[in-house]
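# Coordinate analysis (summary)
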Number of protein chains: 2
Amino acid sequence: MSAQKDYKLWLQYNKVEDATILNSYRSTIKGVHAFGNSETIAIATKEIEQGLSSLLGQEIHKINNENSANIIVIGKTSELSAELQQNIQKDIRIINNEGYVIKTLNNNKQVLITGKTDVAVLYGVFHFLRLLQTNQSISNLAITDAPKINVRILNHWDNLNETVERGYAGSSIWNWQKLPDFIDQRYIDYARANASIGINGTVLNNVNANALILTPQYFEKVTALANTFRPYGIKVYLTARFSAPIEIGKLKTADPYDPEVQKWWKDKTAEIYKSIPDFGGFLVKANSEGQPGPQNYGRNHVDGANMLADALAPFGGIVMWRAFVYSEHNTDDRAKQAYSEFVPYDGKFRDNVIVQVKNGAIDFQPREPFHPMFGAMPKTPLMMEFQITQEYLGFSTHLVFLPKLFQEVLQSDTYSKGKGSTVAKIIDGSLDPHKLTGMAGVANIGSDINWCGHPFAQANWYGFGRLAWNPNLDSKTIAEEWLRMTFSNNEKFVQPVQEMMIDSREAVVNYMTPLGLHHIMDTGHHYGPGPWVSNLSRPEWNPVYYHKADKNGIGFDRSSTGSNATAQYAPEIAKEFNDIAKCPEKDLLWFHHVSWDYKLKNGATLWDGLAQKYQEGVNQVGNMQSTWGKMKPYVDEQRFHEVEMLLNIQHKEAKWWRDACLLYFQQFSGKELPNGVEKPTQTLEYFESLKFPFAPGNN
Amino acid sequence: MSAQKDYKLWLQYNKVEDATILNSYRSTIKGVHAFGNSETIAIATKEIEQGLSSLLGQEIHKINNENSANIIVIGKTSELSAELQQNIQKDIRIINNEGYVIKTLNNNKQVLITGKTDVAVLYGVFHFLRLLQTNQSISNLAITDAPKINVRILNHWDNLNETVERGYAGSSIWNWQKLPDFIDQRYIDYARANASIGINGTVLNNVNANALILTPQYFEKVTALANTFRPYGIKVYLTARFSAPIEIGKLKTADPYDPEVQKWWKDKTAEIYKSIPDFGGFLVKANSEGQPGPQNYGRNHVDGANMLADALAPFGGIVMWRAFVYSEHNTDDRAKQAYSEFVPYDGKFRDNVIVQVKNGAIDFQPREPFHPMFGAMPKTPLMMEFQITQEYLGFSTHLVFLPKLFQEVLQSDTYSKGKGSTVAKIIDGSLDPHKLTGMAGVANIGSDINWCGHPFAQANWYGFGRLAWNPNLDSKTIAEEWLRMTFSNNEKFVQPVQEMMIDSREAVVNYMTPLGLHHIMDTGHHYGPGPWVSNLSRPEWNPVYYHKADKNGIGFDRSSTGSNATAQYAPEIAKEFNDIAKCPEKDLLWFHHVSWDYKLKNGATLWDGLAQKYQEGVNQVGNMQSTWGKMKPYVDEQRFHEVEMLLNIQHKEAKWWRDACLLYFQQFSGKELPNGVEKPTQTLEYFESLKFPFAPGNN
């Protein structure tokens with residue numbers, strides 16, 4: 001019975017195996033001295049003591065004498081000795097409140113970890129431990145690092161009944177029933193894991209919100225969580241159901257122009273801040289997929305967001321207003337609607353409003369071109385919304401390393417201010433300067449012992465945090481860091497598995513939605529293929545809306561001959577996307593309806609190329625299986641076996657995707673499968689007959 | 001980050017602390033020799049090797065030479081050497097297939113653990129390890145033990161959407177989405193924990209059943225679980241939804257007289273046995289709380305049960321037919337209905353049907369008199385249904401040691417064959433001989449790291465298993481065993497905490513439903529007090545139905561002047577229950593409507609006595625807190641703190657119960673609270689206003 005390794009995430013702190021490295025660490029570190037006595041400093045001290053003791057395989061204790069040699073000194077800059085303060089004066093000047101300095105002081109071989117705040121020190125401690133976890137040198141350190149984004153936040157789509165919408169790792173980790181008086185060890189470990197990667201905020205509840213979270217009964221529970229997270233530098237946020245003034249306030253309206261409604265939100269906000277003085281603010285999904293919003297009263301998003309912003313402003317809180325909107329009454333291309341609705345409001349939101357935009361214009365697909373809103377609202381801070389939980393990417397059964405996807409989006413060039421105007425620069429506020437910047441990740445965390453339902457899904461939580469800290473990090477670096485911390489520093493393990501992780505993202509694109517296909521998952525739960533689904537009440541919920549396969553070809557014409565969604569991008573990009581010959585093949589069917597006989601760059605017809613991509617995806621998963629199969633010597637038995645079983649499922653399901661999609665599309669292309677593509681072993685009717693009424697996450 | 005201690009249940013295998021005992025163990029045990037090579041023997045060998053290594057703090061290995069001194073020899077009797085077989089010939093003759101012998105062979109200081117089957121050996125291994133876990137002597141062992149009940153089974157009220165009805169420990173541990181290809185380590189650890197206490201069956205899904213579990217899509221998942229559990233001696237059972245022939249069989253009826261329906265169940269059963277050759281059988285909730293059943297077609301319980309029994313008989317499967325029935329159309333006392341409906345069928349069920357009866361005639365209350373069906377159907381095997389999950393006993397927040405409750409029921413004398421006709425003797429088949437005997441426990445197991453939501457709730461799972469093995473065990477012994485295995489052998493810990501556990505059951509009776517009160521919990525979720533609830537559609541779902549408080553008094557008159565439920569008991573018992581003067585005070589308001597001024601045995605009026613009982617319950621929880629507070633030196637920090645927080649909640653909620661109930665009943669009694677009873681700090685209106693729409697377990 002062992003729950004440990006799965007539970008401990010990337011904070012395994014295994015004893016360093018390489019004897020040379022271990023000896024060099026041991027000779028450098030004999031103890032720890034801490035300045036300050038806040039709760040955060042106590043946590044940082046305990047972390048570094050326990051982490052080092054475990055990594056070095058010998059007890060590392062607190063040293064009272066701050067002048068001892070070979071010690072780690074930690075503390076907030078203002079609390080250090082004058083001498084130490086002088087040593088890092090220059091370094092500290094250039095970093096923000098969350099940044100830290102890790103510096104070897106050569107006079108007496110001390111390593112100093114400091115920053116302007118206690119939480120910055122904690123971040124520095126985790127960085128220092130990471131150096132040892134990944135077997136890096138700790139000689140002559142001169143590191144300064146600071147987050148490039150202010151709000152680095154998880155969005156939990158957790159319901160008050162403890163289910164998780166789009167959750168594939170058990171139930172919610174928030175035990176509302178036992179709160180506020182029972183503080184589950186999970187909460188502390190959650191905070192610790194987040195702090196270790198710099199996440200500083202969490203929205204506790206679902207964007208499809210229930211107003212009850214805003215009642216005193218729940219406030220005391222939320223307060224207990226906020227108190228638990230505070231020393232780890234994590235602020236608590238809630239989703240605000242726009243109709244709450246009616247549902248729990250007994251008002252007749254939720255019209256943002258109504259003074260009573262405005263007062264209700266002001267009072268409600270004041271009530272929250274009374275018990276949570278550092279409450280972060282509200283996340284709002286309004287007038288989207290049935291959620292109430294200002295449009296119910298003939299008002300607009302600005303009216304709604306600004307009303308809440310005014311209530312929060314006196315306390316320093318913010319509004320994260322989601323741009324994920326599309327309407328069944330709008331016959332225009334769904335991909336265009338958020339842009340059309342929001343861009344005219346540029347510059348009209350209050351200073352403490354940030355608009356939260358999904359990475360692509362549809363919905364968290366295996367691949368989407370970057371959202372055209374990025375770069376189109378220079379006067380409005382936009383925050384990124386990534387989905388860490390794999391709603392459309394194989395749930396928690398498929399190994400898909402998402403930082404590769406995140407990086408692709410972040411490094412996309414919007415050309416909004418000419419070449420080099422990457423999405424990363426927009427959301428970190430460096431292109432169009434904004435004080436408020438943010439990155440949100442829809443959490444993949446649940447009650448499973450391993451938190452995320454798949455040992456490798458932990459890497460997506462980790463990678464999200466790292467990219468929120470620095471959106472220009474390379475996903476390869478993130479994979480390597482994570483592997484070394486989570487499993488092993490053995491090069492025979494790290495190199496091939498890192499490659500496997502990096503390849504995994506293209507694999508899922510290939511076996512699910514190659515060449516720009518999208519949203520052809522089965523309906524509702526989004527589990528498995530469903531390109532044939534065409535009977536849902538809202539046209540834009542049907543896969544056929546997205547692939548538009550017919551005798552002539554396949555794909556959604558979003559070029560100037562079609563919906564003209566391409567025109568929402570900067571001219572340099574629009575030109576490329578608009579021209580079938582220039583459009584990147586990875587996005588081909590996103591932007592164009594393409595003939596089955598169209599010649600791809602490799603000379604194959606579209607039909608053959610599509611089939612080959614599906615086969616390639618299956619083959620890639622086969623390669624992942626074979627890579628992993630060789631890793632047995634480097635991984636504990638339980639996690640090795642877990643990943644092995646999950647890869648088997650992924651391989652099975654990749655074939656299911658390939659066979660179901662090709663059989664379905666073959667009806668339109670009327671062509672044979674090319675050589676090298678395996679024949680389906682079931683009929684299309686069989687695949688269409690499969691039903692999964694209890695697929696998880698679909699509450 | 002430590003998940004270990006909470007997760008490991010009573011199988012902690014901590015190193016023996018007492019040096020003398022440790023040395024004696026170490027000198028007795030140098031290695032292990034195993035005869036046989038089945039999967040079960042491999043598991044038993046691994047268990048004893050790892051268990052001993054951990055307990056003794058030194059590696060215990062396999063010894064190839066079966067004649068070595070100071071070794072533990074394990075194996076099925078038929079596979080032992082001829083010499084060893086001779087040594088235990090007599091012992092083995094007297095035990096059943098699941099029984100075992102643990103015997104010190106003095107010639108060469110070996111300890112032999114054997115039985116007629118591999119699973120018996122595994123049970124013996126766990127018994128032997130328990131001796132060490134509880135610091136007992138292992139010299140001159142001559143133990144024979146065998147279960148007194150055949151079917152020792154958990155009932156999981158787990159839904160296919162992975163919620164758990166009346167579950168307070170997270171979501172279902174069955175991950176239907178990832179089955180059959182992902183075998184969660186939980187499944188193995190679940191099987192191991194169950195085997196360690198002799199549980200040999202599990203019903204995977206809710207009695208409020210979904211027919212989809214009987215489709216091929218789920219069979220392959222169920223098969224994977226059955227394959228995982230088989231080597232641990234655990235059979236899989238399913239609930240059978242009576243209308244399944246219509247819902248998944250496309251028949252027009254589920255009438256048990258219809259030959260097509262009979263054939264459908266025969267074919268379905270054959271289909272199951274094809275992939276699960278040792279499938280256990282069906283558990284059925286029929287014509288109860290909206291579930292379909294034979295009465296929908298004018299047939300009766302015998303018709304329904306026997307039809308299923310005939311389908312299962314060729315394969316050796318059984319039907320567990322629940323007697324938990326009551327009807328909104330029957331105006332008779334709900335407590336009488338199951339008896340009235342079932343007793344006339346005595347002797348009419350097939351041999352492979354066993355009727356599953358809850359311990360009391362209402363529904364798993366903190367205290368109920370034993371169910372009058374026990375003893376009333378001598379020609380029919382009856383199995384006990386206990387509820388391990390604390391639906392009416394404080395969810396997973398209250399520390400209540402249920403084996404004390406179970407023991408009270410099991411040791412109740414039914415007088416069905418004169419004095420000494422205990423419930424235990426009825427269900428173990430010793431009073432009216434039956435080949436088929438059983439005890440079911442509604443599981444309190446979920447996805448929480450600690451399995452049960454409360455460290456002490458694990459003791460209820462443990463205790464259920466021990467009592468199913470031997471219904472005459474003393475709950476004190478069980479508490480002591482469990483404490484030693486789970487926490488510590490230190491006498492300063494064991495003695496007071498054992499006492500705390502034993503007292504905990506009377507505490508919950510006192511602060512919730514003293515003196516025979518019952519079912520006055522808030523409605524639906526059953527969380528907290530709700531004696532005022534009177535507006536539910538079915539009268540017998542309203543608390544007011546049960547307490548019948550009015551100006552004249554309180555209690556349900558089930559005597560001959562009332563519903564005459566007392567007449568369902570044997571005359572000796574009936575006489576006692578029927579007479580207010582003889583009726584045990586603990587059951588007073590169960591059987592009688594009693595005047596507020598009635599004098600209790602201690603001289604107090606009923607009103608004063610009732611109030612004092614509520615206060616006593618609160619005080620008892622206070623004592624539990626103070627006992628636990630002193631246990632810090634003996635318990636790991638995490639579990640100590642968890643129990644401390646939970647006891648605080650329990651104390652708070654005990655006061656809530658006291659105040660809410662007394663304020664409510666005071667309206668009728670019109671009397672002041674007696675001295676020594678604390679004044680409520682809130683009004684009745686406040687308590688009545690509390691709403692818990694998301695209380696768990698109420699799916």
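Thresholds, definitions, all that
Residues numbered from 1 in each chain as written. Chains lettered and ligands numbered in written order. Predicted model: local features only at pLDDT ≥ 70, side-chain atom pairs only at ≥ 80, totals over all residues. Heavy atoms only, no water. UniProt positions renumbered as here; feature names shortened; annotations may be inferred. Helix = DSSP H or I, 4+ residues; strand = E, 2+ residues; numbered from the N terminus. Rg over C-alpha atoms; globule rule 2.2 N^0.38 Å. Buried < 20%, exposed > 50% of the residue type's maximum accessible area, 1.4 Å probe, protein only. Contact = heavy atoms within 4.5 Å. Lys, Arg positive; Asp, Glu negative; His and termini not counted. Charge placed at Lys NZ, Arg CZ, Asp CG, Glu CD. Domains from an automatic or database assignment. Buried area = accessible area lost by both parts, 1.4 Å probe. Least-squares fit on C-alpha atoms with pLDDT ≥ 70 in both. Pairing = 2+ DSSP bridges. Right-handed = clockwise from strand over helix to strand, strands pointing away. Phe/Tyr/Trp six-rings, centres within 6.5 Å; stacked < 30°, edge-to-face > 60°. Salt bridge = Lys/Arg side-chain N within 4 Å of Asp/Glu carboxyl O. Axes fitted to C-alpha atoms, helices over the stretch in contact; angles between N-to-C directions. Parallel < 35°, antiparallel > 145°, perpendicular 65-115°, else oblique. Left-handed = near helix turned anticlockwise from the far one by under 90°. Polar contact = N/O pair within 3.5 Å; in protein donor to acceptor, adjacent residues only side chain to side chain. pLDDT = per-residue confidence, 0-100. Expected span 1.5 Å × (residues − 1).

- An unreviewed UniProt entry lists chain A under the name Xylan alpha-1,2-glucuronidase, from Flavobacterium plantiphilum.
- In its Catalytic activity (unreviewed entry) section, the UniProt entry covering chain A states "Hydrolysis of (1->2)-alpha-D-(4-O-methyl)glucuronosyl links in the main chain of hardwood xylans."

## Structural notes on the overall build of chain A
- Regarding its fold elements, chain A presents 23 helices and 16 strands.
- A compact globule built from 699 residues would reach a C-alpha radius of gyration of about 27 Å, and chain A, at 26 Å, matches this within 12%.
- With respect to the three principal axes, the spread of C-alpha positions in chain A is 80 × 65 × 50 Å.
- With 699 residues in all, chain A has 66% of them scored as buried.
- For chain A, restricting intrachain contacts to residue pairs at least 6 apart in sequence, the fraction spanning at least 24 positions comes to 72%.
- Side-chain charges in chain A split into 69 positive and 75 negative, and the spacing between the mean points of these groups amounts to 3 Å.

## Looking at the domain arrangement of chain A
Residue and element names in this part refer to chain A.
- Domain parsing of chain A yields domain 1 (2–145), domain 2 (151–486) and domain 3 (509–556 + 593–689).
- Here the C-alpha centre of domain 3 lies 48 Å away from the C-alpha centre of domain 1.
- Across the boundary between the two partners, domain 1 contributes four residues, which contact four residues of domain 3.
- Taken together, the two surfaces of domain 1 and domain 3 that pack against each other cover about 360 Å², and 34% of this comes from carbon and sulfur.

## Focus on the relation of the copies chain B and chain A
- Of the two same-sequence chains, chain B is brought onto chain A (RMSD 0.0 Å, axial shift 0.0 Å) by a rotation of 180 degrees. Here the copies are linked by what is in effect a two-fold axis.
- Here 100% of the interface residues in chain B have copies in chain A that are interface residues too; the copies meet face to matching face.

## Some remarks on the pairing of strand 10 (residues 281–284) of chain A
Residues and elements named next belong to chain A.
- Of the pairings in the sheet, the one linking strand 9 (residues 235–239) to strand 10 comprises three bridges and is parallel in character. Paired with Tyr-237 across the strands is Gly-281, a residue of strand 10.
- With respect to chirality, the unit in which strand 10 leads through helix 11 (residues 301–312) into the neighbouring parallel strand 11 (residues 318–322) is right-handed.

## Considerations on the packing of aromatic side chains
Residue and element names in this part refer to chain B.
- A complete count under the given rule lists 94 aromatic pairs over all chains for this structure.
- Taking 5.2 Å as the distance between ring centres and 85 degrees as the angle between the ring planes, the aromatic pair formed by Tyr-123 and Trp-469 counts as edge-to-face. Here the residue Tyr-123 occupies a position in helix 5 (residues 118–133), and Trp-469 occupies one in helix 14 (residues 458–469), the gap between them amounting to 346 residues. Taken as a pair, Tyr-123 and Trp-469 share a single burial class, namely buried.
- Geometrically, the ring pair formed by Phe-395 and Tyr-527 is tilted, given 5.4 Å between the ring centres and 35 degrees between the ring planes.

## Some points on the environment of Gln-615 of chain A
Residues and elements named next belong to chain A.
- Following the sequence through the fold, Gln-615 ends up in helix 21 (residues 606–629).
- Separated by 530 residues in the primary sequence, Gln-615 and Gln-85 have C-alpha atoms spaced 61 Å apart.
- Among residues more than four places away in sequence, those in contact with Gln-615 are Arg-658, Gly-676, Val-677 and Glu-678.

## A word on the interface of chain B and chain A
- Across the contact, 48 residues belong to chain B and 48 residues belong to chain A.
- Summed over both sides, the interface between chain B and chain A buries roughly 3,900 Å², with carbon and sulfur atoms accounting for 60% of that surface.
- Here chain B and chain A share two salt bridges between them.
- Note that Lys-652 of chain A is salt-bridged to Asp-181 of chain B, the shortest N-O span being 2.5 Å.
- Counting residues per element, the ones that place at least two in the side of chain B that touches chain A are helix 1 (4–7), helix 6 (185–196), helix 7 (216–229) and helix 21 (637–669) of chain B.
- Looking at which element gives the most residues to the side of chain B that touches chain A, the answer is helix 21 of chain B, with six residues.

## Let's talk about the packing of helix 17 (residues 491–512) of chain A against helix 21 of chain A
Residue and element names in this part refer to chain A.
- Look at helix 17 against helix 21: their axes get within 8 Å of each other, and the N-to-C directions meet at 155 degrees. By the angle between their axes, helix 17 is roughly antiparallel relative to helix 21. Of the two possible hands of crossing, helix 17 and helix 21 adopt the one that is left-handed. Seen from helix 17, the contacting residues are Phe-493, Pro-496, Val-497, Met-500, Asp-503, Ser-504, Glu-506, Ala-507, Asn-510, Tyr-511 and Met-512; seen from helix 21, they are Lys-613, Tyr-614, Glu-616, Gly-617, Val-618, Gln-620, Val-621, Met-624, Thr-627 and Trp-628.

## A short note on the side chain of Thr-163 of chain A
All names here are of chain A.
- Here Thr-163 lies in the loop between strand 7 (151–155) and helix 7 (185–196).
- Here the side chain of Thr-163 touches Asn-161 through a polar contact of 2.7 Å, side chain to side chain.
- If we skip the residues at most four places from it in the chain, Thr-163 touches Trp-157, Asp-158, Ser-172 and Asn-699.

## Thoughts on the sheet that holds strand 11 of chain A
Residues and elements named next belong to chain A.
- Strand order in the closed barrel formed by eight strands is 7-8-9-10-11-12-13-14, with parallel pairing between adjacent strands. When the angles between neighbouring strand axes are averaged without regard to direction, this sheet yields 25 degrees.
- Summarising the sheet, strand 13 (residues 382–387) and strand 14 (residues 438–442) pair through four bridges and their orientation is parallel. Each residue of the ladder has a partner; that of Met-384, found in strand 14, is Met-439.

## Re the UniProt feature "domain: Glycosyl hydrolase family 67 C-terminal" (unreviewed entry) in chain A
- As annotated by UniProt and renumbered to match this structure, "domain: Glycosyl hydrolase family 67 C-terminal" (unreviewed entry) occupies residues 452–677 of chain A.
- What you have in residues 452–677 of chain A is 53% helix and 2% strand, and the ends, taken at the C-alpha atoms, are 34 Å apart.

## Considerations on the confidence of the model for chain A
- Per-residue confidence for chain A averages 97 on the pLDDT scale, and 99% of its residues sit at or above 70.
- Across the interface, the model reports ipTM at 0.96; the global pTM reads 0.97.

## Things to note about the sheet that holds strand 14 (residues 438–442) of chain B
Residue and element names in this part refer to chain B.
- Pairing within the closed barrel is parallel, and its eight strands lie in the order 7-8-9-10-11-12-13-14. Direction aside, the axes of adjacent strands within the sheet are offset by 25 degrees on average.
- Pairing analysis gives three bridges linking strand 8 (residues 201–203) to strand 9 (residues 235–239), with the strands arranged parallel. Among the inter-strand pairings, Gly-201 is bridged to a residue of strand 9, identified as Lys-235.
- Along the sheet face, helix 7 touches strand 8 and strand 9 and points at about 150 degrees away from the line of strand 9.

## A closer look at the UniProt feature "domain: Glycosyl hydrolase family 67 catalytic" (unreviewed entry) in chain A
- This chain's UniProt record puts "domain: Glycosyl hydrolase family 67 catalytic" (unreviewed entry) on residues 132–451 of chain A.
- Taken end to end, residues 132–451 of chain A has its terminal C-alpha atoms 24 Å apart, with 26% of it in helix and 13% in strand.

## Overview of the pattern of salt bridges
All names here are of chain B.
- On inspection of all chains with the given rule, the structure shows 64 salt bridges over all chains.
- Across the pair Arg-367 and Glu-506 runs a salt bridge whose closest N-O atoms are separated by 2.8 Å. One end of the pair, Arg-367, is in the loop between strand 12 (353–358) and strand 13 (382–387); the other, Glu-506, is in helix 16 (residues 491–512), with 139 residues separating them in the sequence.
- Assessed through its relative accessible area of 28%, Glu-506 is described here as partly exposed.

## Comments concerning the environment of Asn-444 of chain B
Residues and elements named next belong to chain B.
- Structurally, Asn-444 is set in the loop between strand 14 and helix 14.
- By relative accessible area, which is 8% here, Asn-444 ends up buried.
- Sequence separation between Asn-444 and Trp-461 is 17 residues; the distance between their C-alpha atoms is 7.1 Å.
- Aside from chain neighbours lying at most four places away, what touches Asn-444 is Ala-169, Ile-388, Thr-389, Trp-451, Cys-452, Ala-457, Asn-460 and Trp-461.
- Among the polar contacts made by the side chain of Asn-444, one reaches the main-chain carbonyl oxygen of Ala-457 at a distance of 3.0 Å.

## So, helix 16 (residues 475–486) of chain A
All names here are of chain A.
- With twelve residues, helix 16 extends 16 Å from end C-alpha to end C-alpha; this agrees with the ideal 16 Å at 1.5 Å per step.
- Extensive coverage of helix 16 is indicated by the burial of nine of its twelve residues.
- Among the residues of helix 16, Ser-475, Ile-478, Ala-479, Glu-481, Trp-482, Leu-483, Arg-484, Met-485 and Thr-486 are the ones counted as buried.
- Those residues of helix 16 that are buried lie in contact with helix 6 (118–133), helix 13 (402–410), helix 15 (458–469), helix 17 and helix 22 (637–669).
- Between the side-chain oxygen at the start of helix 16 and the backbone nitrogen of Lys-476 there is a gap of 3.1 Å, and the oxygen is on Asp-474.

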